[in-house]
Amino acid sequence: MDERLLRAVDERIEELAALTVDLIRFPTVNPPGEAYTPCAEYIARRLAARGFETRLIRGEGAPGDCDRYPRTNVVARREGGRPGPTVHFNSHIDVVEAGDGWTLDPFAGVVRDGKVFGRGACDMKGGLAASIIAVEAFLAVHPTFPGAVEISGTADEESGGYGGVAHLARQGFFSRPRVDHVIIPEPLNKDRICLGHRGVWWAQIETRGTIAHGSMPFLGDSAIRHMGAVLAAFEEELFPALDRKQTRMPVVPEEARRSTLNINSIHGGQTEDFFPGLPSPNVAHSCRLVIDRRFLIEEDIAEVKSEVIAILERLKRRRPRFDYEIRDLMEVLPLMTERDAPVPTALAGAIRAVFGREPEYVISPGTYDQKHVVRFGHLHDCVAYGPGILDLAHRPDEWVGIEDMAESAKVMAASLDALLHAAA
Ligand SMILES: [Zn+2]
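Residues numbered from 1 in each chain as written. Predicted model: local features only at pLDDT ≥ 70, side-chain atom pairs only at ≥ 80, totals over all residues.

Asker: Help me understand the domain arrangement of the protein, please; the structure alone is not making it clear to me.
Answerer: A common way to state how big an interface is: give the accessible area lost once the parts meet. The assigned domain composition of the protein is domain 1 (3-197 + 335-423) and domain 2 (199-332). Between domain 1 and domain 2, the C-alpha centre-to-centre distance is 37 Å. Across the contact, seven residues belong to domain 1 and nine residues belong to domain 2. Here the side of domain 1 that touches domain 2 gets three residues from one element, more than from any other, and that element is strand β14 (residues 360-364). The residue inventory of the side of domain 1 that touches domain 2, partitioned by class, reads five nonpolar, one polar and one charged. (Domains from an automatic or database assignment. Contact = placed C-beta atoms within 7 Å. Helix = DSSP H or I, 4+ residues; strand = E, 2+ residues; numbered from the N terminus. Nonpolar A, V, L, I, M, F, W, Y, C, P; charged D, E, K, R; others polar.)

Asker: Quick question: what am I supposed to make of the UniProt feature "domain: Peptidase M20 dimerisation" (unreviewed entry) in the protein here?
Answerer: In the numbering adopted here, UniProt assigns the feature "domain: Peptidase M20 dimerisation" (unreviewed entry) to residues 196-317. Within residues 196-317, the helical portion is 31% and the strand portion 25%, while the C-alpha atoms at the span's ends are 40 Å from each other. (UniProt positions renumbered as here; feature names shortened; annotations may be inferred.)

Asker: Is there a simple way to explain the sheet that holds strand β16 (residues 399-401) in this structure?
Answerer: Read across the sheet, three strands follow the order β4-β5-β16 without closing on themselves; strand pairing throughout is antiparallel. Of all strands in the sheet, those bounded by a partner on one side alone are β4 (110-112) and β16. Pairwise comparison of adjacent strand axes, ignoring direction, gives a mean angle of 25° for this sheet. Strand direction decides the pairing type here: β4 and strand β5 (residues 115-117), joined by three bridges, are antiparallel. (Pairing = 2+ DSSP bridges. Axes fitted to C-alpha atoms, helices over the stretch in contact; angles between N-to-C directions.)

Asker: Could you clarify how one ought to interpret the nonpolar core in this entry?
Answerer: When a protein is soluble and globular, its nonpolar side chains tend to lie buried together. Counting 116 residues, the largest nonpolar core has Ala134 and Ala409 as the members making the most contacts within it. At 13 residues, helix α4 (residues 121-141) tops the list of elements feeding residues into this core. The residues that make up this core include at least three from each of domain 1 (3-197 + 335-423) and domain 2 (199-332). Discounting residues that sit within four places of it in the chain, Ala409 has contacts with Val9, Leu16, Ala130, Ile133, Ala134 and Ala137. (Core = buried A, V, L, I, M, F, W, Y, C linked by C-beta atoms within 7 Å. Buried ≥ 20, exposed ≤ 12 C-beta atoms within 10 Å, placed from the backbone.)

Next comes the structure, spelled out in C-alpha coordinates:
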(Lines give C-alpha, C1' and ligand atoms only; values in the text may rest on other atoms or scores of the structure.)
Protein backbone atom coordinates (compact mmCIF):
# COMPACT_ATOMS: atom_id res chain seq x y z
CA MET A 1 0.00 0.00 0.00
CA ASP A 2 1.33 3.38 -1.07
CA GLU A 3 1.87 5.50 2.07
CA ARG A 4 1.91 8.64 -0.06
CA LEU A 5 -1.78 8.16 -0.84
CA LEU A 6 -2.66 7.93 2.85
CA ARG A 7 -0.69 11.08 3.59
CA ALA A 8 -2.26 12.91 0.65
CA VAL A 9 -5.72 12.16 2.09
CA ASP A 10 -4.66 13.14 5.63
CA GLU A 11 -3.43 16.50 4.31
CA ARG A 12 -6.91 17.12 2.89
CA ILE A 13 -9.12 16.33 5.90
CA GLU A 14 -10.15 19.94 6.49
CA GLU A 15 -10.85 20.36 2.81
CA LEU A 16 -12.95 17.19 2.93
CA ALA A 17 -15.14 18.57 5.73
CA ALA A 18 -15.45 21.95 3.96
CA LEU A 19 -16.43 20.28 0.69
CA THR A 20 -19.12 18.24 2.48
CA VAL A 21 -20.47 21.44 4.07
CA ASP A 22 -20.58 23.18 0.69
CA LEU A 23 -22.48 20.27 -0.89
CA ILE A 24 -25.03 20.13 1.97
CA ARG A 25 -25.74 23.85 1.50
CA PHE A 26 -27.31 23.14 -1.89
CA PRO A 27 -30.85 22.09 -0.86
CA THR A 28 -31.15 19.46 -3.59
CA VAL A 29 -34.45 18.17 -2.25
CA ASN A 30 -36.21 15.52 -4.35
CA PRO A 31 -39.08 15.73 -5.01
CA PRO A 32 -39.34 18.25 -6.57
CA GLY A 33 -35.65 18.26 -7.63
CA GLU A 34 -34.51 21.58 -6.21
CA ALA A 35 -31.09 23.21 -6.83
CA TYR A 36 -29.63 20.44 -8.99
CA THR A 37 -28.08 22.87 -11.47
CA PRO A 38 -26.09 25.01 -9.01
CA CYS A 39 -24.91 21.88 -7.20
CA ALA A 40 -23.80 20.20 -10.45
CA GLU A 41 -22.12 23.44 -11.57
CA TYR A 42 -20.24 23.67 -8.27
CA ILE A 43 -18.86 20.14 -8.74
CA ALA A 44 -18.00 20.90 -12.38
CA ARG A 45 -16.13 24.09 -11.42
CA ARG A 46 -14.10 22.33 -8.77
CA LEU A 47 -13.09 19.45 -11.02
CA ALA A 48 -12.49 21.64 -14.10
CA ALA A 49 -9.93 23.54 -12.01
CA ARG A 50 -8.16 20.20 -11.49
CA GLY A 51 -7.87 19.27 -15.14
CA PHE A 52 -11.15 17.44 -15.64
CA GLU A 53 -13.22 17.76 -18.76
CA THR A 54 -16.72 18.40 -17.41
CA ARG A 55 -20.17 18.10 -18.93
CA LEU A 56 -23.58 19.03 -17.62
CA ILE A 57 -26.23 16.70 -19.01
CA ARG A 58 -29.92 17.25 -18.42
CA GLY A 59 -32.15 14.23 -17.99
CA GLU A 60 -34.51 15.63 -20.58
CA GLY A 61 -37.95 14.05 -20.63
CA ALA A 62 -37.39 12.13 -17.38
CA PRO A 63 -40.18 12.13 -14.76
CA GLY A 64 -40.21 15.54 -13.06
CA ASP A 65 -37.89 17.21 -15.58
CA CYS A 66 -39.06 20.75 -16.44
CA ASP A 67 -37.53 24.18 -16.79
CA ARG A 68 -38.27 25.00 -13.17
CA TYR A 69 -36.71 21.69 -11.98
CA PRO A 70 -34.22 20.52 -14.60
CA ARG A 71 -32.68 17.08 -13.90
CA THR A 72 -29.08 18.33 -14.16
CA ASN A 73 -26.24 15.80 -13.97
CA VAL A 74 -22.49 16.40 -14.04
CA VAL A 75 -19.93 14.02 -15.52
CA ALA A 76 -16.24 14.86 -15.16
CA ARG A 77 -13.41 12.93 -16.80
CA ARG A 78 -9.66 13.19 -16.52
CA GLU A 79 -7.40 11.27 -18.86
CA GLY A 80 -4.24 9.84 -17.40
CA GLY A 81 -2.04 10.26 -20.46
CA ARG A 82 -1.52 6.55 -21.18
CA PRO A 83 -3.96 3.89 -22.32
CA GLY A 84 -5.70 1.98 -19.55
CA PRO A 85 -9.05 1.31 -17.92
CA THR A 86 -11.52 3.92 -16.65
CA VAL A 87 -12.67 4.00 -13.03
CA HIS A 88 -15.88 5.90 -12.37
CA PHE A 89 -17.17 7.20 -9.01
CA ASN A 90 -20.90 7.89 -9.12
CA SER A 91 -22.85 9.73 -6.43
CA HIS A 92 -26.39 11.02 -6.43
CA ILE A 93 -26.71 14.69 -5.55
CA ASP A 94 -30.38 14.59 -4.58
CA VAL A 95 -31.58 14.27 -0.98
CA VAL A 96 -34.96 13.52 0.54
CA GLU A 97 -36.94 16.27 2.26
CA ALA A 98 -35.69 17.29 5.71
CA GLY A 99 -38.93 16.38 7.52
CA ASP A 100 -39.56 17.13 11.20
CA GLY A 101 -37.49 16.55 14.31
CA TRP A 102 -34.28 18.42 13.48
CA THR A 103 -32.38 20.17 16.29
CA LEU A 104 -30.30 22.14 13.77
CA ASP A 105 -30.67 23.67 10.33
CA PRO A 106 -30.69 20.75 7.87
CA PHE A 107 -29.09 22.81 5.09
CA ALA A 108 -26.50 24.81 7.05
CA GLY A 109 -23.81 22.10 7.10
CA VAL A 110 -23.07 22.37 10.83
CA VAL A 111 -19.70 20.90 11.88
CA ARG A 112 -19.58 19.67 15.48
CA ASP A 113 -17.74 16.93 17.42
CA GLY A 114 -15.95 15.63 14.34
CA LYS A 115 -19.19 15.26 12.38
CA VAL A 116 -20.87 17.17 9.59
CA PHE A 117 -24.63 17.45 10.11
CA GLY A 118 -27.28 18.06 7.48
CA ARG A 119 -29.75 16.48 5.13
CA GLY A 120 -27.71 14.31 2.78
CA ALA A 121 -24.56 14.35 4.98
CA CYS A 122 -24.68 10.58 5.14
CA ASP A 123 -26.81 9.83 2.04
CA MET A 124 -24.68 10.71 0.21
CA LYS A 125 -22.88 14.03 0.00
CA GLY A 126 -20.29 12.73 2.45
CA GLY A 127 -19.58 9.86 0.06
CA LEU A 128 -19.40 12.23 -2.90
CA ALA A 129 -16.95 14.50 -1.03
CA ALA A 130 -14.84 11.49 0.04
CA SER A 131 -14.62 10.24 -3.56
CA ILE A 132 -13.60 13.69 -4.85
CA ILE A 133 -10.89 13.99 -2.18
CA ALA A 134 -9.75 10.40 -2.89
CA VAL A 135 -9.34 11.19 -6.58
CA GLU A 136 -7.60 14.52 -5.88
CA ALA A 137 -5.19 12.81 -3.48
CA PHE A 138 -4.50 10.13 -6.09
CA LEU A 139 -3.81 12.80 -8.74
CA ALA A 140 -1.41 14.63 -6.43
CA VAL A 141 0.63 11.44 -6.02
CA HIS A 142 0.20 10.24 -9.64
CA PRO A 143 -0.14 13.27 -11.95
CA THR A 144 0.12 10.89 -14.89
CA PHE A 145 -1.38 7.43 -14.76
CA PRO A 146 -2.76 4.81 -17.12
CA GLY A 147 -6.41 5.09 -18.11
CA ALA A 148 -8.88 7.67 -16.91
CA VAL A 149 -10.87 8.69 -13.84
CA GLU A 150 -14.46 9.88 -13.88
CA ILE A 151 -16.64 11.43 -11.21
CA SER A 152 -20.33 12.01 -11.67
CA GLY A 153 -22.99 13.75 -9.59
CA THR A 154 -26.39 12.55 -10.69
CA ALA A 155 -30.03 13.43 -10.17
CA ASP A 156 -33.07 11.64 -8.86
CA GLU A 157 -31.65 8.49 -7.22
CA GLU A 158 -34.18 8.89 -4.43
CA SER A 159 -37.02 8.73 -6.96
CA GLY A 160 -35.70 5.88 -9.08
CA GLY A 161 -32.77 7.49 -10.90
CA TYR A 162 -34.54 7.90 -14.25
CA GLY A 163 -33.35 11.48 -14.79
CA GLY A 164 -29.89 10.56 -13.49
CA VAL A 165 -27.93 7.34 -13.89
CA ALA A 166 -30.62 5.67 -16.04
CA HIS A 167 -30.57 8.62 -18.45
CA LEU A 168 -26.77 8.65 -18.67
CA ALA A 169 -26.50 4.87 -18.91
CA ARG A 170 -28.90 4.82 -21.87
CA GLN A 171 -26.48 7.20 -23.61
CA GLY A 172 -23.45 5.00 -23.04
CA PHE A 173 -21.92 6.83 -20.07
CA PHE A 174 -21.82 3.61 -18.04
CA SER A 175 -20.68 1.19 -20.73
CA ARG A 176 -17.44 -0.13 -22.14
CA PRO A 177 -15.25 1.08 -23.71
CA ARG A 178 -15.90 4.39 -21.99
CA VAL A 179 -16.01 2.99 -18.44
CA ASP A 180 -14.74 -0.30 -16.97
CA HIS A 181 -15.22 -0.08 -13.19
CA VAL A 182 -17.85 1.77 -11.14
CA ILE A 183 -17.89 2.58 -7.42
CA ILE A 184 -21.03 4.15 -5.91
CA PRO A 185 -20.14 5.75 -2.53
CA GLU A 186 -23.53 5.10 -0.87
CA PRO A 187 -23.39 5.06 2.97
CA LEU A 188 -22.79 1.38 3.66
CA ASN A 189 -20.03 1.97 6.26
CA LYS A 190 -16.33 2.34 5.61
CA ASP A 191 -15.40 -1.36 5.92
CA ARG A 192 -18.32 -2.91 4.02
CA ILE A 193 -18.68 -3.65 0.33
CA CYS A 194 -22.24 -3.70 -0.99
CA LEU A 195 -22.45 -6.16 -3.86
CA GLY A 196 -26.01 -5.43 -4.91
CA HIS A 197 -29.62 -5.46 -3.79
CA ARG A 198 -32.81 -7.50 -3.59
CA GLY A 199 -35.31 -7.39 -6.43
CA VAL A 200 -38.45 -5.23 -6.45
CA TRP A 201 -41.92 -5.73 -7.83
CA TRP A 202 -44.53 -3.02 -7.36
CA ALA A 203 -48.06 -3.71 -8.46
CA GLN A 204 -51.53 -2.26 -8.04
CA ILE A 205 -54.43 -4.57 -7.32
CA GLU A 206 -57.94 -3.27 -7.83
CA THR A 207 -61.12 -4.93 -6.62
CA ARG A 208 -64.45 -3.86 -8.03
CA GLY A 209 -67.93 -3.66 -6.59
CA THR A 210 -71.25 -2.05 -7.36
CA ILE A 211 -72.23 1.36 -6.05
CA ALA A 212 -75.47 1.58 -4.03
CA HIS A 213 -76.95 3.64 -1.23
CA GLY A 214 -75.04 3.15 2.02
CA SER A 215 -78.26 2.56 3.94
CA MET A 216 -78.98 -0.50 1.76
CA PRO A 217 -75.57 -2.06 1.24
CA PHE A 218 -77.23 -5.35 0.23
CA LEU A 219 -78.25 -3.65 -3.02
CA GLY A 220 -74.59 -3.04 -3.90
CA ASP A 221 -71.34 -4.90 -3.61
CA SER A 222 -68.46 -3.46 -1.59
CA ALA A 223 -65.07 -3.39 -3.30
CA ILE A 224 -63.54 -2.65 0.12
CA ARG A 225 -64.89 -5.88 1.60
CA HIS A 226 -63.47 -7.76 -1.38
CA MET A 227 -60.10 -6.14 -0.69
CA GLY A 228 -60.48 -7.16 2.95
CA ALA A 229 -60.65 -10.75 1.74
CA VAL A 230 -57.46 -10.20 -0.26
CA LEU A 231 -55.68 -8.82 2.81
CA ALA A 232 -56.94 -11.71 4.96
CA ALA A 233 -55.58 -14.21 2.44
CA PHE A 234 -52.25 -12.36 2.40
CA GLU A 235 -52.10 -12.54 6.21
CA GLU A 236 -52.94 -16.23 6.31
CA GLU A 237 -50.83 -17.51 3.45
CA LEU A 238 -48.59 -15.01 1.75
CA PHE A 239 -46.81 -13.37 4.69
CA PRO A 240 -45.94 -16.69 6.38
CA ALA A 241 -44.76 -18.11 3.04
CA LEU A 242 -42.51 -15.10 2.42
CA ASP A 243 -41.06 -15.34 5.92
CA ARG A 244 -39.94 -18.87 5.13
CA LYS A 245 -37.98 -17.80 2.04
CA GLN A 246 -34.44 -17.31 3.27
CA THR A 247 -31.56 -16.22 1.06
CA ARG A 248 -27.85 -16.76 0.69
CA MET A 249 -27.61 -13.02 -0.15
CA PRO A 250 -25.88 -11.27 2.79
CA VAL A 251 -28.62 -8.63 3.13
CA VAL A 252 -28.33 -6.06 5.92
CA PRO A 253 -30.12 -5.63 8.23
CA GLU A 254 -30.42 -9.36 8.84
CA GLU A 255 -34.23 -9.19 9.14
CA ALA A 256 -34.24 -8.41 5.41
CA ARG A 257 -32.47 -11.70 4.59
CA ARG A 258 -35.75 -13.10 3.27
CA SER A 259 -38.63 -12.11 1.05
CA THR A 260 -40.79 -9.22 2.21
CA LEU A 261 -44.01 -7.53 1.21
CA ASN A 262 -45.17 -4.08 2.19
CA ILE A 263 -48.70 -2.83 1.67
CA ASN A 264 -47.70 0.56 0.37
CA SER A 265 -51.16 2.12 0.21
CA ILE A 266 -54.85 1.38 0.10
CA HIS A 267 -57.64 3.57 -1.21
CA GLY A 268 -61.25 2.55 -1.43
CA GLY A 269 -64.57 4.24 -1.99
CA GLN A 270 -65.03 7.96 -1.89
CA THR A 271 -62.34 10.53 -1.37
CA GLU A 272 -61.54 11.30 2.26
CA ASP A 273 -61.30 14.91 1.24
CA PHE A 274 -64.85 15.87 2.22
CA PHE A 275 -64.00 18.26 5.10
CA PRO A 276 -65.48 20.60 6.16
CA GLY A 277 -68.53 18.83 4.66
CA LEU A 278 -69.69 15.27 5.21
CA PRO A 279 -69.35 12.21 3.01
CA SER A 280 -72.36 10.86 1.15
CA PRO A 281 -73.52 7.29 1.89
CA ASN A 282 -72.15 5.04 -0.84
CA VAL A 283 -71.08 1.45 -1.20
CA ALA A 284 -67.52 1.47 -2.60
CA HIS A 285 -67.34 0.42 -6.21
CA SER A 286 -63.54 0.36 -6.32
CA CYS A 287 -60.65 -0.33 -3.97
CA ARG A 288 -56.98 -0.15 -4.92
CA LEU A 289 -54.00 -1.60 -3.15
CA VAL A 290 -50.34 -0.95 -4.00
CA ILE A 291 -47.94 -3.71 -2.99
CA ASP A 292 -44.16 -3.48 -2.69
CA ARG A 293 -42.65 -6.94 -2.92
CA ARG A 294 -38.88 -7.40 -2.37
CA PHE A 295 -37.48 -10.65 -3.68
CA LEU A 296 -34.33 -12.72 -3.65
CA ILE A 297 -31.75 -13.92 -6.11
CA GLU A 298 -33.13 -17.45 -5.58
CA GLU A 299 -36.59 -16.35 -6.75
CA ASP A 300 -37.84 -15.93 -10.27
CA ILE A 301 -39.92 -12.79 -10.96
CA ALA A 302 -42.59 -14.83 -12.78
CA GLU A 303 -42.90 -16.99 -9.67
CA VAL A 304 -43.10 -13.90 -7.44
CA LYS A 305 -46.04 -12.60 -9.47
CA SER A 306 -47.85 -15.92 -9.83
CA GLU A 307 -47.82 -16.40 -6.06
CA VAL A 308 -50.02 -13.28 -5.68
CA ILE A 309 -52.14 -14.04 -8.72
CA ALA A 310 -52.85 -17.56 -7.44
CA ILE A 311 -54.39 -16.06 -4.28
CA LEU A 312 -56.53 -13.65 -6.30
CA GLU A 313 -57.66 -16.40 -8.69
CA ARG A 314 -58.67 -18.64 -5.82
CA LEU A 315 -60.74 -15.82 -4.29
CA LYS A 316 -62.38 -15.37 -7.67
CA ARG A 317 -63.44 -19.02 -7.71
CA ARG A 318 -64.67 -19.11 -4.13
CA ARG A 319 -65.97 -15.67 -3.29
CA PRO A 320 -69.25 -14.59 -4.95
CA ARG A 321 -68.93 -11.57 -7.27
CA PHE A 322 -65.21 -11.17 -6.56
CA ASP A 323 -63.26 -9.70 -9.44
CA TYR A 324 -59.91 -7.99 -9.67
CA GLU A 325 -57.40 -6.40 -11.95
CA ILE A 326 -53.66 -6.33 -11.38
CA ARG A 327 -51.24 -3.92 -12.97
CA ASP A 328 -47.43 -3.94 -12.85
CA LEU A 329 -45.98 -0.61 -11.74
CA MET A 330 -42.26 -1.38 -11.61
CA GLU A 331 -39.86 -4.27 -11.51
CA VAL A 332 -36.11 -4.51 -10.84
CA LEU A 333 -34.27 -7.82 -10.78
CA PRO A 334 -32.04 -8.71 -7.82
CA LEU A 335 -28.33 -8.00 -8.29
CA MET A 336 -25.23 -9.50 -6.74
CA THR A 337 -21.79 -8.74 -8.20
CA GLU A 338 -19.29 -11.56 -7.66
CA ARG A 339 -16.81 -10.97 -4.85
CA ASP A 340 -13.88 -11.73 -7.11
CA ALA A 341 -14.77 -9.08 -9.72
CA PRO A 342 -12.08 -6.36 -10.07
CA VAL A 343 -13.83 -3.58 -8.09
CA PRO A 344 -14.74 -5.63 -4.98
CA THR A 345 -11.27 -7.24 -5.11
CA ALA A 346 -9.56 -3.82 -5.18
CA LEU A 347 -11.78 -2.46 -2.40
CA ALA A 348 -11.22 -5.57 -0.25
CA GLY A 349 -7.44 -5.22 -0.60
CA ALA A 350 -7.63 -1.53 0.33
CA ILE A 351 -9.90 -2.21 3.35
CA ARG A 352 -7.39 -4.83 4.59
CA ALA A 353 -4.53 -2.35 4.15
CA VAL A 354 -6.28 0.62 5.81
CA PHE A 355 -8.12 -1.18 8.65
CA GLY A 356 -6.14 -4.40 9.02
CA ARG A 357 -9.26 -6.54 8.82
CA GLU A 358 -11.41 -8.37 6.34
CA PRO A 359 -14.22 -6.44 4.65
CA GLU A 360 -17.80 -7.38 5.28
CA TYR A 361 -19.79 -8.14 2.13
CA VAL A 362 -23.38 -6.95 2.23
CA ILE A 363 -26.47 -6.62 0.07
CA SER A 364 -28.81 -3.64 0.34
CA PRO A 365 -32.44 -4.34 1.22
CA GLY A 366 -33.55 -1.67 -1.29
CA THR A 367 -32.27 -0.76 -4.74
CA TYR A 368 -30.02 2.07 -5.80
CA ASP A 369 -28.43 3.24 -9.05
CA GLN A 370 -26.34 0.08 -9.56
CA LYS A 371 -29.41 -1.39 -11.29
CA HIS A 372 -29.15 1.12 -14.15
CA VAL A 373 -25.42 0.56 -14.57
CA VAL A 374 -26.11 -3.16 -14.99
CA ARG A 375 -29.39 -3.00 -16.93
CA PHE A 376 -28.68 -0.16 -19.37
CA GLY A 377 -24.88 0.00 -19.23
CA HIS A 378 -24.37 -3.80 -19.22
CA LEU A 379 -21.50 -3.18 -16.83
CA HIS A 380 -21.30 -5.71 -14.01
CA ASP A 381 -18.12 -4.56 -12.27
CA CYS A 382 -19.99 -2.15 -10.02
CA VAL A 383 -20.59 -2.07 -6.25
CA ALA A 384 -21.50 0.44 -3.56
CA TYR A 385 -18.81 1.46 -1.11
CA GLY A 386 -18.78 4.62 0.99
CA PRO A 387 -18.69 6.26 4.43
CA GLY A 388 -21.68 6.87 6.67
CA ILE A 389 -24.04 4.76 8.72
CA LEU A 390 -26.95 3.58 6.59
CA ASP A 391 -29.43 3.81 9.48
CA LEU A 392 -28.91 7.60 9.63
CA ALA A 393 -30.05 8.10 6.06
CA HIS A 394 -33.30 10.04 5.68
CA ARG A 395 -33.48 10.66 9.49
CA PRO A 396 -33.52 13.97 11.41
CA ASP A 397 -30.07 15.25 12.48
CA GLU A 398 -28.41 13.11 9.82
CA TRP A 399 -24.61 13.25 10.04
CA VAL A 400 -21.40 11.80 8.65
CA GLY A 401 -18.15 11.38 10.60
CA ILE A 402 -15.18 13.34 9.22
CA GLU A 403 -12.69 10.63 10.24
CA ASP A 404 -14.91 7.98 8.61
CA MET A 405 -14.99 9.98 5.39
CA ALA A 406 -11.20 10.33 5.45
CA GLU A 407 -10.68 6.62 6.05
CA SER A 408 -13.02 5.66 3.28
CA ALA A 409 -11.32 8.22 0.99
CA LYS A 410 -8.09 6.31 1.68
CA VAL A 411 -9.78 3.06 0.70
CA MET A 412 -11.12 4.66 -2.48
CA ALA A 413 -7.74 6.19 -3.39
CA ALA A 414 -5.95 2.88 -2.84
CA SER A 415 -8.59 1.00 -4.85
CA LEU A 416 -8.28 3.48 -7.70
CA ASP A 417 -4.52 3.00 -7.63
CA ALA A 418 -4.93 -0.80 -7.72
CA LEU A 419 -7.51 -0.78 -10.52
CA LEU A 420 -5.51 1.56 -12.76
CA HIS A 421 -2.02 0.31 -12.11
CA ALA A 422 -2.86 -3.39 -11.99
CA ALA A 423 -3.98 -3.22 -15.57
CA ALA A 424 -0.94 -1.31 -16.76
ZN1 LIG B 1 -28.41 7.25 -1.39
